[in-house]
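# Overview (structure and organization)
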Amino acid sequence: MDRETYQRGLEIRTAVLGETYVNRALADADEFTTPLQDLVTEYCWGAVWGRDGLPLKTRRMLNLAMIPILNRPNELRTHIKGALTNGVTREEICEIFLQVAIYAGVPAAVDSFRIAREVFAELDQA
């Protein structure tokens, strides 16, 4: 493992998803899941998110477009929260999910809008 890339990944992951989320994910890791947490932190967040080729906001928006296509509602919920706390507006999220409807299918967009509304309500109550 490249410690520098891992550390950069940990910093970005925490900035995007929040300290509480990341600390819980790492604390919940056990002998079986620790290698996955290390992989995600180093390669996903450090090696890719840590590149200078795209602004972090663009990467956040891309995730919001791709995750619905993969039908990963838990990840979508996490990335909606992260996007909102890192500069992506509700209006931009709406536009992203409309784009998903056209290019990936209306059912994926319907679920995405439903999940986003739940996240918005959760955040509004907090």
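In the annotation of an unreviewed UniProt entry, the protein is listed under the name 4-carboxymuconolactone decarboxylase and assigned to Mycobacterium stomatepiae.

Checked against the element boundaries, asparagine 74 lands in helix H5 (residues 73–84). Residues asparagine 74 and isoleucine 115 lie 41 residues apart in sequence; the distance between their C-alpha atoms is 9.1 Å.

This part takes up the domain arrangement of the protein. Under the domain assignment, the protein is made up of domain 1 (1–53) and domain 2 (55–125). Here the C-alpha centroids of domain 1 and domain 2 sit 21 Å apart. With 10 residues of domain 1 at the contact, the number on the domain 2 side is 10 residues. For the pair domain 1 and domain 2, the summed buried surface comes to about 820 Å²; carbon and sulfur atoms form 59% of the total. Our enumeration of links across domain 1 and domain 2 arrives at zero salt bridges.

A few words now on unusual backbone geometry. Despite not being glycine, asparagine 71 shows a phi value in the positive range, around 60 degrees. The topology assignment puts asparagine 71 in the loop between helix H4 (56–69) and H5.

This brings us to the packing of helix H6 (residues 90–104) against helix H7 (residues 106–125). For the pair H6 and H7, interaxial distance at closest approach is 8 Å and the crossing angle is 165 degrees. Considering the angle they form, H6 stands roughly antiparallel to H7. When you trace H6 past H7, the crossing you get is right-handed. Of the residues in H7, those touching H6 at Arg90, Ile93, Cys94, Phe97, Leu98, Val100 and Ala101 are Val106, Ala108, Ala109, Ser112, Phe113, Ala116, Phe120 and Asp124. By residue class, the composition of the contact of H6 with H7 is 12 nonpolar, one polar and two charged.

The rules behind these values
- Residues numbered from 1 in each chain as written.
- Predicted model: local features only at pLDDT ≥ 70, side-chain atom pairs only at ≥ 80, totals over all residues.
- Heavy atoms only, no water.
- Helix = DSSP H or I, 4+ residues; strand = E, 2+ residues; numbered from the N terminus.
- Domains from an automatic or database assignment.
- Contact = heavy atoms within 4.5 Å.
- Buried area = accessible area lost by both parts, 1.4 Å probe.
- Salt bridge = Lys/Arg side-chain N within 4 Å of Asp/Glu carboxyl O.
- Axes fitted to C-alpha atoms, helices over the stretch in contact; angles between N-to-C directions.
- Parallel < 35°, antiparallel > 145°, perpendicular 65-115°, else oblique.
- Left-handed = near helix turned anticlockwise from the far one by under 90°.
- Nonpolar A, V, L, I, M, F, W, Y, C, P; charged D, E, K, R; others polar.

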